[in-house]
Amino acid sequence: MSTTAIPKELTVGELARRSGVTTSALRFYEREGLISSHRTAGNQRRYSRDMLRRVAFIRVSQRVGIPLSVIRDALSVLPTGRAPSREEWAALSAHWRADLDRRIQQLLKLRDELDDCIGCGCLTLERCVLANPYDVLGEQGVGPRRLQVD
């Protein structure tokens, strides 16, 4: 039986292959402070294995619309050099729960009210939450508005 040791560090290509992210994206994440690596004597990047979890977290977070700056802030509270514990991940996710709930409610409202806007074209419906939130223009009366430059 052959036993192959699992490497403690990954090259940029290995991390890309295992995470499903391009090497250019990994280098971008590193420049943005989302992941980290160190350099070998030959000046090659090496990533610790815990970066796999971070990259997965970044991808999922981006997919639900969370900005990279918010992702960076969240990742900054996690330990470096090791994979976060279940409790550390739970604390991080609890921090985002309210924001995600708010986003879900906005998307549900958009889904439920989008039919009213399609085909209307006026974009001034009182209840239009897309083009005229809170009907600001409607409160100013009817007719065209002129841009006032101060």
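Residues numbered from 1 in each chain as written. Predicted model: local features only at pLDDT ≥ 70, side-chain atom pairs only at ≥ 80, totals over all residues. Heavy atoms only, no water.

Draft legend 1. Expanded view of the nonpolar core. Of all hydrophobic cores here, the largest spans 24 residues; its most connected members are L15, L26, Y29, I35, I58 and I71. Only α1 (12-19), α2 (23-31), α3 (51-63), α4 (68-76) and α5 (86-117) provide two or more residues apiece to this core. Ranked by residues supplied to this core, first place goes to α3 with five residues. (Core = buried A, V, L, I, M, F, W, Y, C linked by side-chain atoms within 4.5 Å. Buried < 20%, exposed > 50% of the residue type's maximum accessible area, 1.4 Å probe, protein only. Helix = DSSP H or I, 4+ residues; strand = E, 2+ residues; numbered from the N terminus.)

Draft legend 2. Structural view of the packing of aromatic side chains. In this structure the tally under the stated criterion is three aromatic pairs. With centroids separated by 6.3 Å and ring planes inclined at 55°, the aromatic side chains of F28 and Y29 adopt a geometry described as tilted. Judged by relative accessible area, Y29 falls into the buried class, the value being 6%. The interplanar angle of 50° and the centroid separation of 5.1 Å between the aromatic rings of F57 and W89 together place this pair among those described as tilted. Here F57, found in helix α3, pairs with W89, found in helix α5; they are 32 residues apart in sequence, far enough to count as distant. (Phe/Tyr/Trp six-rings, centres within 6.5 Å; stacked < 30°, edge-to-face > 60°.)

Draft legend 3. Geometry of a nonpolar patch on the surface. On the surface, L107, L110 and L114 cluster together to form a nonpolar patch covering roughly 240 Å² of accessible area. Its location among the elements puts L107 in helix α5. Exposure remark for L107: the relative accessible area of 55% places this residue in the exposed category. (Patch = residues over 30% accessible without salt bridge, like charges linked within 9 Å, V, L, I, M, F, W, Y side chains within 5 Å. Areas by Shrake-Rupley, 256 points an atom, 1.4 Å probe, with all protein chains shown as cover. Salt bridge = Lys/Arg side-chain N within 4 Å of Asp/Glu carboxyl O.)

Draft legend 4. Focus on the sheet that holds strand β3 (residues 45-48). Taken together, three strands build an open sheet; the order of strands is β1-β3-β2 and the sheet is antiparallel. One side of each edge strand has no neighbouring strand; the edge strands of this open sheet are β1 (9-10) and β2 (38-39). Relative to β3, β1 runs antiparallel, the two sharing two bridges. Paired with E9 across the bridge in β3 is S48. (Pairing = 2+ DSSP bridges.)

Draft legend 5. Focus on the packing of α3 against α4. One can describe the packing of α3 onto α4 by two numbers: an axis separation of 10 Å at closest approach and a directional angle of 145°. Crossing of α3 over α4 shows right-handed handedness. Within the contact between the two elements, α3 uses R54, F57, I58, S61 and Q62 and α4 uses L68, I71 and L75. Of the residues that constitute the contact of α3 with α4, the class distribution is five nonpolar, two polar and one charged. (Axes fitted to C-alpha atoms, helices over the stretch in contact; angles between N-to-C directions. Left-handed = near helix turned anticlockwise from the far one by under 90°. Contact = heavy atoms within 4.5 Å. Nonpolar A, V, L, I, M, F, W, Y, C, P; charged D, E, K, R; others polar.)

Draft legend 6. How the structure looks around α3. With 13 residues, α3 extends 18 Å between its outermost C-alpha atoms, agreeing within 8% with the 18 Å of an ideal straight helix rising 1.5 Å per residue. Buried within α3 are the following residues: M51, L52, R54, V55, F57, I58 and S61. Directly after α3, the chain includes G65, whose backbone phi takes a positive value near 90°. (Expected span 1.5 Å × (residues − 1).)

Draft legend 7. Examining α4 more closely. L68, I71, A74 and L75 are the residues of α4 that are buried. Seen from one end, α4 has its buried residues packed into an arc of 120°, which puts them on one side. Residues of α4 that are exposed and point more than 90 degrees away from the buried face comprise D73 and S76. (Arc of directions from axis to C-beta.)

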